[in-house]
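So you can see what is in the structure, the chains are spelled out below.
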Amino acid sequence: MALPRKNPTESPKWQELQTHYQSLKNAHMLDLFKEDPQRTEKLSIDLDEMLLDFSKNRLTQDTLNLLIDLARDLDLEAGIDKLFKGELINETEHRAVMHMALRAPRNKTMTVDGENVVEEVHQVLDKMKAFTARLDNKTWKGYTGKDITDVVNIGIGGSDLGPVMVAEALTPYHRPDRQVHFVSNVDGAHISQTLAKLDPETTLFIIASKTFTTIETMTNAHSARSWFLQNATESDIAKHFVAVSTNLPGVVEFGIDPANVFEFWDWVGGRYSLASAVGLSIMVAVGAENFTSMHEGMHAMDMHFLETPLEKNLPVMLALIGIWYTNFFGSETEAILPYDQNLQFLPSYLQQAAMESNGKMVSRDGVNVEYNTGTILWGGAGTNSQHSFFQLLHQGTRLIPADFILPINPQHKLFHHHDLLVANAIAQCEALMCGKDEQTVRTELAASGLSQDAIDRLTPFKIFNGNRPTNMILLKKLTPYSLGMLIAAYEHKIFVRGYLWNIFSFDQFGVELGKALAKALEPELTGPSKPELHDPSTNRLVELFKEYKTY
Ligand code: F6P
C-alpha cells in the first residue's frame, strides 16, 4: 500500500499554524517561562539514558497541540505503522525501509513484504561476531602468519560516515591491540597517507559498498589491492580482504572469497546502514558486546518511536519542532552541537542522513512542492565551535535552531575539564535565550569607566537580542547504548519530517547526475577534449587543467 499523498499546506491545521505563528512570532521565550513556571518539566521527555529538554523553543503548548494535530491530519501514525510493517514505502525504488530489523532481538518478528527478516539479520551478525572473535583470539592470521593489527574500512557516504562517527564516539571502548582506519575520499592523498603507516602483512581491508560499484570505493579498493600485491600473491587476498555488500557477483569479481562477504539487503538504505554489516569496522574496533549494546539502544528508541503517543514521542517532537522553524519561521538551517569531542563527526554523519533523505523538491505526487523541505544541517563540537561560528548564532541576522548534545558523565577522569564543558553547554543555551538588553549593556559599560560618548557608540554592538531556540539532549553518559538511542532518534526524526513534507525520503537520485558527468569527463583529462559535450565554462576548466598539469 502506497504512502498517502497529502500536501501539508492544504491541511486546515497548517492554516491554523500560520495564524498561530502570527500571534507568537514576536513572543520572547523568557515571557513564556514567566507565564508557565512548569514549562521545563512540561516540555521535556525523559527516556531511559536520554532526556530531551525542548522548553527553550519559541512555542507554547498550543503550538505543540496544533503541530500534533497537523501530524494526525497527515496520518503520521499510519505512516509509522507502514514503516514498521515493512511496506514498500521507498516507492521510487520499490523497496521497504527496514533498518529497524538490523537491531531487533532475535526473538522479534519484523517483516519485509510479509517475510520475517530478523533471523537472517542475526545470521549475518553471528558471522560478524565469529570473524571479530577470530581477530580477537588471534586465530585469523595474515599471509605471513602474523596477527592483524590494523583494519582499514574502505567505503564512502553511508558506508563510511556512520562507522567513522560511531568508532570515534566510542574511542574509550576500543581494543588496545588493534587500530581501525577509514578511507573514503577518491583523493589519492587519503589512501596513500593511510597506507604509508601500515604493514601489508598485518593489515586487513574491509571493502564496504552496498552496490560494489561506487567509483571512489572501487578505486581505493583497487589501490589497496595493488599495494598489498607488491609482495603478496593473489591467493593471499582471502586473508586480507573482506567485503560488506549486497552485490555478491561484484565482490567475487574483485577477487574476494565469497566466504568473506558480509551480506546486507536492499531494504537497508546506505545512510541507515551502520547497524548492519556496514558496521563491521565498528564491531572490530569496540567488540561484539559493545556493538550489541548499541543495537539495544537503537531498538529501545525504535520501540519508543513505534509505541509512544505523538505527544510524548521524542523523535516526533524533534521533527515537529523542526517543521515549526523551517516552514513557519522560515529558518534555513539547523545546527548540531555535540558537547563531546568524541562526537565531533556527528554533524557530518547527520548531514548525509538528513540532507540526502529530505533534500527533495518533488512531492510524492510527482509535482514540485511550494514549501521548504530538507533543512541545511551543519555544526561542530563544543567548545571549539564557540570560538568559530557561535558569533553568528548569537548576533547574526538568521534564526538558527540548534541541538545541544551533552553527556552528563564524561568518558574520562579529568572531571574539572568536564565541569567546564558542561558549564559552557548550559550557559550557551542560556545566553542564546536570555541575551543581554540595552540597559544591561549600558550599565556594564558605565561601570567600566567609559565616557558617555563611548557608551553610546559601543552599546548597539554589545546587545544580544536572545530568543534564539535550542534543544538540549542530555545523555547520562556517552555509551554504546545511549549512542544507539541518539542515532535512532535522529533517523526517525528524518522519517517523520519527510513523511509530513510529502516527499520520498529513501531514494537519492540527486547524487547521480554529477557522478555520471564525472565519469564522462574523466577520459577528456587524458585524451582528446569533446567540447561539443559541455558548456563553455566547463570546457575552459578542462583546458586549463591540461595546460597547467605537470604529471
Ligand atoms: O552518495 C550516494 C550514495 O549512493 C549514498 O547514498 C551511499 O551511502 C554512498 O553513495 C555509498 O554507496 P555504496 O555503499 O553503494 O558504495
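The structure presented is a predicted model; accordingly, all values stated were derived computationally and were not measured.

A few words on the overall build of the protein. Helix and strand counts for the protein come out as 21 helices and 13 strands. For the protein, the C-alpha radius of gyration of 26 Å lies close to 24 Å, the compact-globule estimate for 551 residues. Looking at the protein as a whole, 52% of its 551 residues are labelled buried. If you sum the accessible surface of the protein, you get close to 24,000 Å²; carbon and sulfur atoms cover 54% of it. Considering the protein, the positive charge centre built from 49 side chains and the negative charge centre built from 68 side chains are found 2 Å apart.

Positionally, T132 belongs in helix α6 (residues 118–136). Judged by relative accessible area, which is 1%, T132 ranks as buried. For T132, the contacting residues outside a window of four places in its chain are R178, L280, M283 and V284.

Lining the immediate surroundings of the ligand are 14 residues, of which S159, S209, T211, T214 and E356 lie closest. S209 places a side-chain nitrogen or oxygen 2.6 Å from an oxygen atom of the ligand. With respect to the ligand, the side chain of E356 contributes an N or O atom lying 2.6 Å from an oxygen atom.

What follows concerns the sheet that holds strand β10 (residues 333–338). Strand order across the open sheet formed by six strands is β1-β2-β13-β12-β10-β11, with mixed pairing between neighbours. With one partner strand each, in any of the chains shown, β1 (44–47) and β11 (376–379) form the two edges of the open sheet. Adjacent strand axes in the sheet meet at a mean angle of 15°, parallel and antiparallel pairs treated alike. Note that strand β2 (residues 50–53) and strand β13 (residues 470–477) share four bridges and pair antiparallel. Note that in β13 the partner of D53 across the bridge is M472. Each of β1, β2, β10, β12 (402–409) and β13 is contacted by helix α13 (residues 314–329), which is oriented at about 30° to β2, the strand it contacts most.

Turning to unusual backbone geometry, a few remarks are in order. A cis geometry characterises the amide bond from G382 onward to T383, with omega recorded as 10°. With respect to the helices and strands, T383 occurs in the loop between β11 and α15 (390–395).

Turning next to empty space enclosed by the protein. As enumerated under the stated definition, the model contains six cavities of 30 Å³ or more in all. By volume, the largest cavity is sized at about 100 Å³. Taken together, 13 residues form the lining of the largest cavity, with A354, L377, K493, I494 and R497 sitting closest to its centre. Contributions of two or more residues to the lining of the largest cavity are made by β10, α14 (346–358) and α19 (480–500). Considering every element that reaches the lining of the largest cavity, the biggest residue donor is α19, with four residues. Residue composition of the lining of the largest cavity, by class: seven nonpolar, three polar and three charged.

Taken together, the seven bridges between β12 and β13 define a ladder with parallel strand orientation. Within β13, the position partnered with N409 by the bridge is K477.

Our next topic: the domain arrangement of the protein. Examined at the domain level, the protein breaks down into domain 1 (8–73 + 308–434 + 469–507), domain 2 (117–291) and domain 3 (510–548). For domain 1 and domain 3, the distance between their C-alpha centres works out to 41 Å.

Attention now goes to the sheet that holds strand β7 (residues 203–208). Pairing within the open sheet is parallel, and its five strands lie in the order β6-β5-β7-β8-β9. For this open sheet the edge positions go to β6 (179–183) and β9 (261–263), each flanked by a neighbour on one side alone. Across the sheet, the axes of successive neighbouring strands diverge by a mean angle of 20°, strand direction being ignored. The pairing of strand β5 (residues 150–154) with β6 spans five bridges and is classified as parallel. Paired with I154 across the strands is V183, a residue of β6. In this fold α6 packs onto β5, β7, β8 (241–245) and β9, with an angle of close to 145° to the strand it touches most, β9.

On the surface, D113, E115, E120 and E263 cluster together into a negatively charged patch. Mapped onto the elements of the fold, E263 is located in strand β9. Among the residues examined, E263 registers a relative accessible area of 40% and is labelled partly exposed.

Reading the values: rules and limits
Residues numbered from 1 in each chain as written. Predicted model: local features only at pLDDT ≥ 70, side-chain atom pairs only at ≥ 80, totals over all residues. Heavy atoms only, no water. Helix = DSSP H or I, 4+ residues; strand = E, 2+ residues; numbered from the N terminus. Rg over C-alpha atoms; globule rule 2.2 N^0.38 Å. Buried < 20%, exposed > 50% of the residue type's maximum accessible area, 1.4 Å probe, protein only. Areas by Shrake-Rupley, 256 points an atom, 1.4 Å probe, with all protein chains shown as cover. Lys, Arg positive; Asp, Glu negative; His and termini not counted. Charge placed at Lys NZ, Arg CZ, Asp CG, Glu CD. Contact = heavy atoms within 4.5 Å. Near = heavy atom within 4 Å. Polar contact = N/O pair within 3.5 Å; in protein donor to acceptor, adjacent residues only side chain to side chain. Pairing = 2+ DSSP bridges. Axes fitted to C-alpha atoms, helices over the stretch in contact; angles between N-to-C directions. 1 Å grid on protein atoms, 1.4 Å probe; cavity = no way out; pocket = protein on both sides within 12 Å on 5 of 7 lines; lining within 4 Å. Points joined across faces, edges and corners; volume = space filled by probe spheres on them. Nonpolar A, V, L, I, M, F, W, Y, C, P; charged D, E, K, R; others polar. Domains from an automatic or database assignment. Patch = residues over 30% accessible without salt bridge, like charges linked within 9 Å, V, L, I, M, F, W, Y side chains within 5 Å. Salt bridge = Lys/Arg side-chain N within 4 Å of Asp/Glu carboxyl O.

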